[in-house]
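Okay, here's what each chain looks like letter by letter:
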Amino acid sequence: MLAETICSAVSAAGLGIAAITAYRRRFLSAARIAAYSLLPLGLVLTGAVEWAVGTAFSLTAWVGFGLLGAAWLLFLTTRALERRKGGTRKERRAAAAAARREAAEPAASRPSLGRSAPAADPATSAAPAKPKASGADDDFSDIEAILKKHGI
């Protein structure tokens, strides 16, 4: 009963403020204030306030909120551990797909196509390897290795 009285008083005060705002010829603001001030009264009339008060003082509801919080913490913990494991989600999916392919289709059971070696890729066999000349080339060899590792 007290919550309904408070909501009605808040609505009446809001409508008064909206009337003053409309008197100052700020009709858009007045309409917005009137809309906000009618919300508490609408909640009272629909019974939402009574439900909220009943929920706030219910032990069962608070146990439910506690269980939701525990589920949320478990979810966050598992996500943090998954990220700590390493790699992005796309990399983990690619690794899992490769593992499933290997498990379903081992290399020994693949039929031979009659070739002894795969065809040479023109991009990889374009030029012979150059000998390294100085220490500056050694610095770039690390960068080249990283780029090759990522397929660039």
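Everything quoted here is computed from the prediction, not taken from an experiment.

What counts, and at which threshold
Chains are numbered independently. Their residues run from 1 in the order of the written sequence. Residues qualify for local features only when their pLDDT is at least 70, as the model is predicted, and side-chain atom pairs are given and counted only at 80 or more; totals for whole chains, interfaces and linings, by contrast, use all residues. Side-chain metrics rest on all non-hydrogen atoms present in the structure, leaving aside hydrogens and water. Secondary structure elements are taken from DSSP: a helix is a run of H or I of four residues or more, a strand is a run of E of two residues or more, and numbering for both begins at the N terminus. In this scheme, a helix's expected span is set at 1.5 Å multiplied by one less than its residue total. Each residue is assigned to one of three classes by its accessible area relative to the maximum for its type, calculated with a 1.4 Å probe on protein chains only: buried under 20%, partly exposed between the two thresholds, exposed over 50%. Throughout, the arc means the angular range of directions from the helix axis out to the C-beta atoms. Residue contacts are counted whenever heavy atoms from the two residues lie within 4.5 Å of one another. For patches, a residue must show more than 30% relative accessible area and have no salt bridge; joins then use 9 Å for like charges and 5 Å for nonpolar side chains, namely Val, Leu, Ile, Met, Phe, Trp and Tyr. Here, Shrake-Rupley sampling with a 1.4 Å probe gives the accessible areas, and only protein chains in the shown set may cover a residue. Each reported salt bridge corresponds to a side-chain nitrogen of Lys or Arg within 4 Å of a carboxyl oxygen of Asp or Glu.

K.L.:
I'd like a description of helix H1 (residues 2–23), backed by residues and values.
P.N.:
Over its 22 residues, H1 runs 32 Å from end to end, which matches the ideal 32 Å to within 8%, given 1.5 Å per residue. Looking only at H1, the buried set comprises Cys 7, Ser 11, Gly 14, Ala 18 and Thr 21. Looking down the long axis of H1, one finds its buried residues gathered within 85 degrees of arc, a one-sided arrangement. When the buried face of H1 is taken as reference, the exposed residues oriented beyond 90 degrees from it are Leu 2 and Tyr 23. Looking at the packing, one finds that the buried side of H1 touches helix H2 (27–46) and helix H3 (48–56). Count one or two residues on from H1 and you reach Arg 25, which has phi positive near 65 degrees.

K.L.:
An account of unusual backbone geometry is needed here, citing residue identities and associated values.
P.N.:
We note that Arg 25 has phi near 65 degrees; this positive angle belongs to a residue other than glycine. Locating Arg 25 in the fold gives a position in the loop between H1 and H2. In this structure Arg 25 comes out as exposed when scored by relative accessible area, which is 66%.

K.L.:
Give me a nonpolar patch on the surface: which residues, what numbers.
P.N.:
A contiguous nonpolar surface patch, about 370 Å² in accessible area, is contributed by Leu 15, Leu 38, Leu 41 and Leu 45. It is H2 that provides the largest number of residues to the nonpolar patch, a total of three residues. Residue position: Leu 38 is located in helix H2. For Leu 38, a relative accessible area of 44% corresponds to the partly exposed category.

K.L.:
Give a detailed account of the pattern of salt bridges, specifying residues and quantitative values.
P.N.:
Note that side chains of opposite charge can pair when their charged atoms are close. Going through the model one piece at a time under the given rule, you end up with one salt bridge. Ionic pairing is found between Arg 79 and Glu 82, a salt bridge with its closest N-O pair at 3.0 Å. Remark: Glu 82 and Arg 79 occur in helix H4 (residues 59–85); sequence separation between them is three residues, near one turn of the helix. Owing to a relative accessible area of 30%, Glu 82 belongs among the partly exposed residues under this scheme.

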